[in-house]
Amino acid sequence: MHPDVEVLRATIRVPTVAERDPALTDPAPFEQLHALLAEHFPLLHERLERVDLGEAAPRALLWRWAGTSSDRPVVLMAHQDVVPVTPDDPWTHPAFAADVVETPEGPAIWGRGTLDDKGQLVAICTAVERLLADGLTPAQDVWLSFGADEEVSGPSAPAAVDELRRRGVEPWFVLDEGGAVAGQAFPGVGAPVAVVGATEKGTTTLSLTVTGRGGHSSTPAPKGPTARLGRALWRLDQKQFPVNVPGPTIDLLRRLAGHLPLPLRALLTGATRTPPGVLGRALVAAGPETAAMVRTTMVATTLSGAPAHNVIAARARAEVNLRIMPGESVASALDHVRDAVDDQQVAVDVVEANEPSPLSPTTEPEALGAFALLERTIADVFPDAIVTPYVMMAGTDSRFFCDICPRVYRFASLRMSKEQRASIHSFDEHVHVAAWLEGVDWYVALLRSL
Ligand SMILES: [Zn+2]
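What counts and how
- Residues numbered from 1 in each chain as written.
- Predicted model: local features only at pLDDT ≥ 70, side-chain atom pairs only at ≥ 80, totals over all residues.
- Heavy atoms only, no water.
- Helix = DSSP H or I, 4+ residues; strand = E, 2+ residues; numbered from the N terminus.
- Expected span 1.5 Å × (residues − 1).
- Buried < 20%, exposed > 50% of the residue type's maximum accessible area, 1.4 Å probe, protein only.
- Contact = heavy atoms within 4.5 Å.
- Donors = N, O, S within 2.8 Å, 3.2 Å for Na, K, Ca; no water.
- Tetrahedral: all angles 85-135°; square planar, octahedral: opposite > 155°, others 65-115°.
- Polar contact = N/O pair within 3.5 Å; in protein donor to acceptor, adjacent residues only side chain to side chain.
- Axes fitted to C-alpha atoms, helices over the stretch in contact; angles between N-to-C directions.
- Parallel < 35°, antiparallel > 145°, perpendicular 65-115°, else oblique.
- Left-handed = near helix turned anticlockwise from the far one by under 90°.
- Nonpolar A, V, L, I, M, F, W, Y, C, P; charged D, E, K, R; others polar.
- Arc of directions from axis to C-beta.
- 1 Å grid on protein atoms, 1.4 Å probe; cavity = no way out; pocket = protein on both sides within 12 Å on 5 of 7 lines; lining within 4 Å.
- Points joined across faces, edges and corners; volume = space filled by probe spheres on them.
- Phe/Tyr/Trp six-rings, centres within 6.5 Å; stacked < 30°, edge-to-face > 60°.
- Pairing = 2+ DSSP bridges.

Here helix α12 (residues 370–381) is 12 residues long and its end C-alpha atoms lie 17 Å apart, about the 16 Å a rise of 1.5 Å per residue gives. Buried within α12 are the following residues: Ala370, Phe371, Ala372, Leu373, Leu374, Thr377, Ile378 and Val381. Among the structural elements, β7 (173–182), β8 (193–200), α7 (247–257), β15 (386–392), β16 (408–416) and α14 (433–448) are those in contact with the buried residues of α12.

Structure, rendered in structure tokens:
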């Protein structure tokens, strides 16, 4: 096996699982991961400045690679931690063994973190090490920021942002996980689509609580807490958020239109010229995935009531998970929910709030065109792919960097099939060896062309 791939395999074998309560996180795997990186990337460790983030984020890694200029610094991100493996998940090969598995597309490395996100982390380090060996000094300062708690919304990324702000670093652009070179991304489009996240929805959770007297279930009164809560959830389902087609989605449709089979192409080419309202309604009608592209979504996820089947709930509670569209806010979403529920006895509270990220530009003049640079580099390394911005539905650590940088993009230079994308946070996560090496080449190309 290629020696660089062996490094990736070694890091996959280390189960760097972060816990919501940092005191419960086992530090040993993170220390092992750091030791592996030190062993395999000696030039990176020797020539880059390691910035200690202290007790705020003891396991985070932040490095500065001094460039010829510090005018337009670039931040490359990835995260060290992985989501845990559930014993019931039917992994075909063990999650932390990094087996080499023959597939119809060639050999693949199997295991948790191959796609999310050690594949990207090790690819960045491999590219930097290779360029250092070649004697390259990047044209711009390059920061590597590898958080240790992305999956649990921990303090690593905010601490790195604080440190950069303290040093007066205003990045030209930030690149984190998110998009990919996605195969079978859109029905009817044969070519892979390299999707680059230009913004991400805000993941927010609200609780709906109704309290009452409780009591014996043999003598129920009408409109008790469970019935009121049920009515509130039904009303939410009936009053969805308004449709709003954001710029990146219009851009995505425009870019894909020419690659679709003829009847669809005509429809979509027409659609991008039609008013956004009509287009939005058509996307809502086309199914839940496309509906999520054009509006804030909400769904009740947890429900609780009485502790026993013969007891009336004194308190009925539901949590509603929202993904808030760019252009809206936690406050406006809260207003919409209260308005839809329309019941004073249902308390609506914020459990977890994340605002949607601002839109990063995708059509800037060339001089500032970070997106244009990404687009060109993708076209060079993945000539068969269609490049397009999109709105990410999930959250990444890069959202914190929006505070210090207007150009935050989310793209991992890895080819992923539909099946592979579904394996993230699930089971049978794997990366093809050829795809991972191509991913390294992409970072090499990017760093050479800054
Ligand atoms: Zn991730």
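Looking at the zinc ion, the protein donor atoms are His79 (NE2), Asp116 (OD), Glu177 (OE) and Glu177 (OE), and they sit 1.9 to 2.7 Å from it. For the zinc ion, the four donor atoms are set out with angles of 53 to 151° between them, so the coordination reads as irregular. On the primary sequence, the residues serving as donors to the zinc ion are separated as H-x36-D-x60-E. In this pair, His79 sits in strand β3 (residues 69–79) while Glu177 sits in strand β7, placing the two residues 98 residues apart along the sequence. Residue His79 is classed as buried on the basis of its relative accessible area of 1%.

One can find Thr205 in strand β9 (residues 202–211). Thr205 sits in the buried class, given a relative accessible area of 10%. Polar side-chain contacts of Thr205 include one of 3.2 Å to the side chain of Asn321. When residues no more than four places from it in sequence are discounted, the contact partners of Thr205 are Glu319, Val320, Asn321, Asp349, Val350, Val351 and Glu352.

Closest axis-to-axis distance for the helix α1 (residues 3–12)/helix α4 (residues 118–133) pair is 10 Å, and the angle between their directions is 140°. Comparing the axis directions of α1 and α4 gives the class oblique. For the pair α1 and α4, the crossing hand works out as right-handed. From α1, Asp4, Val7, Leu8, Thr11 and Ile12 reach across to α4, where they touch Lys118, Gly119, Val122, Thr126 and Arg130. By residue class, the composition of the contact of α1 with α4 is four nonpolar, three polar and three charged.

We now examine helix α11 (residues 330–341). Residues lying three or four places apart along an α-helix face the same way, a consequence of the helix completing one turn every 3.6 residues. Between its terminal C-alpha atoms α11 stretches 16 Å, which fits the 16 Å expected from 12 residues at 1.5 Å a residue. Restricting attention to buried positions, one finds in α11 the residues Val330, Ala333, Leu334, His336, Val337, Ala340 and Val341. All buried residues of α11 project into a common sector of 160° when viewed along the axis, lining one side. Residue Asp342 follows α11 closely and has a positive phi angle near 50°.

Let's shift gears to empty space enclosed by the protein. Considering all chains together, one arrives at one cavity of 30 Å³ or more under this definition. What the largest cavity holds in volume is close to 40 Å³. A class-by-class count of the residues in the lining of the largest cavity yields six nonpolar, three polar and one charged.

A separate point is the packing of α4 against α14. Running from amino to carboxyl end, α4 crosses α14 at an angle of 50°, the nearest separation of the two axes being 8 Å. As judged from the angle between their axes, α4 and α14 are oblique. Where α4 crosses over α14, the handedness of that crossing is right-handed. Here α4 contributes Gly119, Gln120, Val122, Ala123, Ile124, Thr126, Ala127, Val128, Arg130 and Leu131 to the contact with α14, which in turn contributes Trp436, Val440, Asp441, Tyr443, Val444, Leu447 and Arg448.

Right, let's talk about the packing of aromatic side chains for a bit. Throughout the structure, instances matching the rule amount to five aromatic pairs. With a centroid separation of 5.1 Å and an interplanar angle of 70°, the aromatic rings of Trp172 and Phe173 are classed as edge-to-face. Here Trp172 matches Phe173 in class, with each residue buried. Seen from their ring centres, Phe371 and Tyr409 are 5.7 Å apart, and the 50° between their planes marks the pair as tilted. Residue Phe371 is located in helix α12, and its partner Tyr409 is located in strand β16; the two are separated by 38 residues in the primary sequence. The class of Phe371 is buried, set by a relative accessible area of 2%. Look at Tyr409 and you get buried, because its relative accessible area is 0%. Grouped by ring-pair contacts, the aromatic residues Phe411, Trp442 and Tyr443 constitute a single cluster.

The next thing to look at is the sheet that holds strand β17 (residues 430–432). Spatially, β4-β5-β17 is the arrangement adopted by the three strands of the open sheet, whose pairing is antiparallel. Taken across any chain shown, the strands that pair with only one partner, and hence form the sheet edges, are β4 (100–103) and β17. Neighbour-to-neighbour, the strand axes of this sheet turn through a mean angle of 35°, independent of strand direction. With three bridges joining them, strand β5 (residues 106–110) and β17 adopt antiparallel strand pairing. Its bridge partner lying in β17, Ile109 is registered against Val431. Against the sheet, α14 engages β5 and β17, with an angle of about 75° to β17.

Turning to the sheet that holds β9, a few remarks are in order. Spatial ordering of the open sheet is given by β11-β13-β9-β14, a layout of four strands whose pairing is antiparallel. Two strands lie at the open edges of the sheet, namely β11 (297–304) and β14 (347–352), each paired on one side alone. Across the sheet, the mean angle from the axis of one strand to that of its neighbour is 25°, orientation sign disregarded. Pairing geometry for β9 and strand β13 (residues 315–324), over 10 bridges, is antiparallel. Bridging across to β13, Thr204 finds its partner in Leu322. In the packing of α11 onto the sheet, contacts are made with β9, β11, β13 and β14, and the angle to β9 comes to roughly 35°.

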